[in-house]
Amino acid sequence: MDCRIRTMRPGEVALAIEWAAREGWNPGLHDAACFHAADPDGFLVAEREGEAVGCISAVSYAGQLGFIGLYIVQPAWRGRGVGLQLWQAGMARLSGRVVGLDGVPAQQDNYRKSGFVLAWNNARFAGTAREAASATPSQIVALASVDFAALCTDDRRVFPAPRAAFLRQWIAMPEAAGVAWMEDGRLAGWGLIRRCREGHKIGPLVADGRGIADALYAALCARVPAGDAVYLDVPLPNAAAVALAQAQGLRSVFETARMYAGPAPAVELQRIYGVTTFELG
């Protein structure tokens, strides 16, 4: 079945977020504007006789890295080739770049057929926000007070391409709070917690070590009501991040496979205690 595939207009990215919510992916309430800022031309919609029937994001970061996400076909239109057309359009847009994605492990064989190779697995951990057991350390400051250029530089240690436009929107989104750990004037860790359809997600959570990550996690949870649902997406090769989640009483509720078509970019995985977002990397 042939579809018209076109670039989403700015206000239409919210439709993809709504579909993601229906799929049970629990997106953030204000993700749409941040996602659009990452790459305004990176969101595609499939139309059939004027009706939106599917979508995919094929975001390019500074022309250096592509990332596939929000790959959704409306239930009534599945099995008719819509998904394949969207996939081909998204991959064509990112031609010539290394491309990453976070997919469900059951689809790994399908992604391998398109040249993707497993880099590592992530797990979403779920639990509730606990009241802080002690006072917030003096090293923790509001993320908004951190020099933005320094933040972008630190982000390049854990994300393999520049994403300043996305980060600027992400750290300023409504119903979110960010904190950072400053050590002798140096940024040693940072994170953000945002309101989602259900509860809150922490992401990213970046730290030079487990102690800093623990303190940042506690400070972020202190920004939301105790007992609210909290989610943390953890790269499983980082054993310290898994231990943090378990120590906080979180449980693994599902996994994703981080895969790349092309050489897997180098990142400091041991500093990543929480992935920013499965949709955009």
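Source: prediction; values computed, not measured.

A. Representation of empty space enclosed by the protein in the model. Applying the stated criterion across every chain yields a total of 1 cavity of 30 Å³ or more. Its volume calculated, the largest cavity comes out at about 150 Å³. Val158, Phe159, Ile272, Val275 and Gly281 are, among the 18 residues lining the largest cavity, the residues nearest its centre. Going through the elements one at a time, strand S6 (116–128), strand S10 (200–207), strand S12 (251–261) and strand S13 (272–274) are the ones with two or more residues in the lining of the largest cavity.

B. Molecular detail of the pairing of S12. Where strand S5 (residues 98–103) lies against S12, 5 bridges are found, and the strand directions are antiparallel. Each bridged residue has a counterpart across the sheet, and for Val99 the counterpart in S12 is Ala261. Where S6 meets S12, 10 bridges bridge the pair, whose relative direction is antiparallel. Bridging across to S12, Ala126 finds its partner in Arg251.

C. View of helix H2 (residues 31–38). Of all the 8 residues making up H2, 7 are buried; the element is thus mostly covered by neighbouring parts of the structure. Where H2 is concerned, the buried positions are Asp31, Ala32, Cys34, Phe35, His36, Ala37 and Ala38. Next to the buried residues of H2 lie helix H1 (13–22), strand S2 (43–48), strand S3 (51–61), strand S4 (65–73), helix H6 (164–170) and strand S9 (186–195).

D. Highlighting the packing of aromatic side chains. Scanning the model with the defined rule gives 9 aromatic pairs in all. Seen in terms of ring centroids, Phe35 and Trp170 are 6.4 Å apart; in terms of plane orientation they differ by 10°. Their pairing is stacked. Linking Phe35 in helix H2 with Trp170 in helix H6, this pair joins segments that are 135 residues apart in sequence. Residue Phe35 shares its accessibility class with Trp170, and that shared class is buried. A centroid spacing of 5.8 Å and a plane angle of 55° characterise the contact between Trp87 and Phe116, whose relative ring orientation is tilted. Residue Trp87 is located in helix H3 (residues 82–93), and its partner Phe116 is located in strand S6; the two are separated by 29 residues in the primary sequence. The ring of Trp77 has Arg80 lying over it, and the distance from NZ or CZ to the ring centre is 4.6 Å. Looking at Arg168, its charged tip hangs above the ring of Phe148, at a distance of 4.1 Å from the centre.

Thresholds applied
- Residues numbered from 1 in each chain as written.
- Predicted model: local features only at pLDDT ≥ 70, side-chain atom pairs only at ≥ 80, totals over all residues.
- Heavy atoms only, no water.
- 1 Å grid on protein atoms, 1.4 Å probe; cavity = no way out; pocket = protein on both sides within 12 Å on 5 of 7 lines; lining within 4 Å.
- Points joined across faces, edges and corners; volume = space filled by probe spheres on them.
- Helix = DSSP H or I, 4+ residues; strand = E, 2+ residues; numbered from the N terminus.
- Pairing = 2+ DSSP bridges.
- Buried < 20%, exposed > 50% of the residue type's maximum accessible area, 1.4 Å probe, protein only.
- Contact = heavy atoms within 4.5 Å.
- Phe/Tyr/Trp six-rings, centres within 6.5 Å; stacked < 30°, edge-to-face > 60°.
- Lys NZ or Arg CZ within 6 Å of the ring centre and 35° of its normal.

It is worth stressing that arrangement in space is one thing and function is another; only the former is reported here.
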